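Descriptive structure summary
Chain by chain, the residues:
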Amino acid sequence: MLTIEEERRILDAAPVYLRVAIILLAQTGGRTYSEGFSLCWSQVDLEGKLIRLNNNVKTPGSAEPIPLSQYACDVLQAWKKEQASKSEYVFPSPVLPNRPISTVKTAWKATLKRAGVTAFPIYNLRHIFCTRLSEVAPDAVVQRAMRHTSPETKRHYQLGMAEQVRTQSIKRTSGCTENRKRYIFVTVGPPKRRRRLSPSVTN
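Let us look at the nonpolar core. Formed by 39 residues in total, the largest nonpolar core has its most connected members in Ile10, Leu18, Phe37, Leu76, Phe91 and Trp108. Put simply, the parts of the chain that give this core at least two residues each are helix 1 (4-13), helix 2 (16-28), helix 4 (70-82), helix 5 (105-115) and helix 6 (124-134). Dropping the residues within four chain positions of it, tryptophan 108 is found in contact with Ile10, Leu18, Ile22, Phe120, Pro121, Ile122 and Leu125. Counting 7 residues, the second largest nonpolar core, distinct from the first, contains Phe129, Cys130, Val142 and Met146.

Close contact between helix 2 and helix 4 brings their axes to 10 Å; oriented N to C, the two are set at 155 degrees. Between helix 2 and helix 4, the crossing angle belongs to the class labelled roughly antiparallel. For the element pair helix 2 and helix 4, the recorded crossing hand is left-handed. Listed contacts from helix 4 to Val16, Tyr17, Val20, Ile23, Leu24 and Gln27 of helix 2 are Tyr71, Ala72, Val75, Leu76 and Trp79. Residues that form the contact of helix 2 with helix 4 fall into these classes: 10 nonpolar, 1 polar and no charged.

Across a sheet, paired strands are connected by hydrogen bonds in the backbone, their directions being either parallel or antiparallel. Pairing within the open sheet is antiparallel, and its 3 strands lie in the order 1-2-3. Each edge of the sheet is formed by a strand with only one pairing partner; in this case those strands are strand 1 (44-45) and strand 3 (66-67). Pairing between strand 1 and strand 2 (residues 50-51): 2 bridges, direction antiparallel. Bridge pairing links aspartate 45 to leucine 50 in strand 2.

Its place among the elements puts glutamine 43 in the loop between helix 3 (33-37) and strand 1. Judged by relative accessible area, glutamine 43 falls into the buried class, the value being 13%. Setting aside residues up to four positions removed in sequence, glutamine 43 forms contacts with Ser38, Leu50, Ile51, Arg52, Leu53 and Asn54.

Thresholds, definitions, all that
- Residues numbered from 1 in each chain as written.
- Predicted model: local features only at pLDDT ≥ 70, side-chain atom pairs only at ≥ 80, totals over all residues.
- Heavy atoms only, no water.
- Core = buried A, V, L, I, M, F, W, Y, C linked by side-chain atoms within 4.5 Å.
- Buried < 20%, exposed > 50% of the residue type's maximum accessible area, 1.4 Å probe, protein only.
- Helix = DSSP H or I, 4+ residues; strand = E, 2+ residues; numbered from the N terminus.
- Contact = heavy atoms within 4.5 Å.
- Axes fitted to C-alpha atoms, helices over the stretch in contact; angles between N-to-C directions.
- Parallel < 35°, antiparallel > 145°, perpendicular 65-115°, else oblique.
- Left-handed = near helix turned anticlockwise from the far one by under 90°.
- Nonpolar A, V, L, I, M, F, W, Y, C, P; charged D, E, K, R; others polar.
- Pairing = 2+ DSSP bridges.

Structural data, given as structure tokens:
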């Protein structure tokens, strides 16, 4: 799981175009190339705070509009103003501006190295989005945000849930330990058999 501090270091180390893409992917959970780097400005509704995908998507559910946070909108708005190219693509190829960027593998790897973060695929930003949202939102919201047809699919995308499970377990059992009593469990052996006394002894 990516910590907030690690994410900050990655953003600081990334070139501008990649920084914008990281924020977009981490804020929306979009798929890296089909819904991120291939995005056209015509699909971005900054006023409505939505990304509207065309029908060229993985599943029918994937065609649902992607909500944008205010942070993502602000970043995209600033990026649009700063872009030297007037390409229709949000992330145009530096060589062929009339086409989207084809790959960021080299830039991503170099960015992680500069940031001092253990290498992981950029696609995992989708997993990170799902995991963070799962901490604060019910399953129905997570399923809609990820645009999954099945609520069970989110389990594949959740990362580092051990700590969340531990935290929730502590919350659920806090009432049992609020008086801070210490319980000591002692292994107790079988009771000793009492020796029967002979009649001569009893007399």
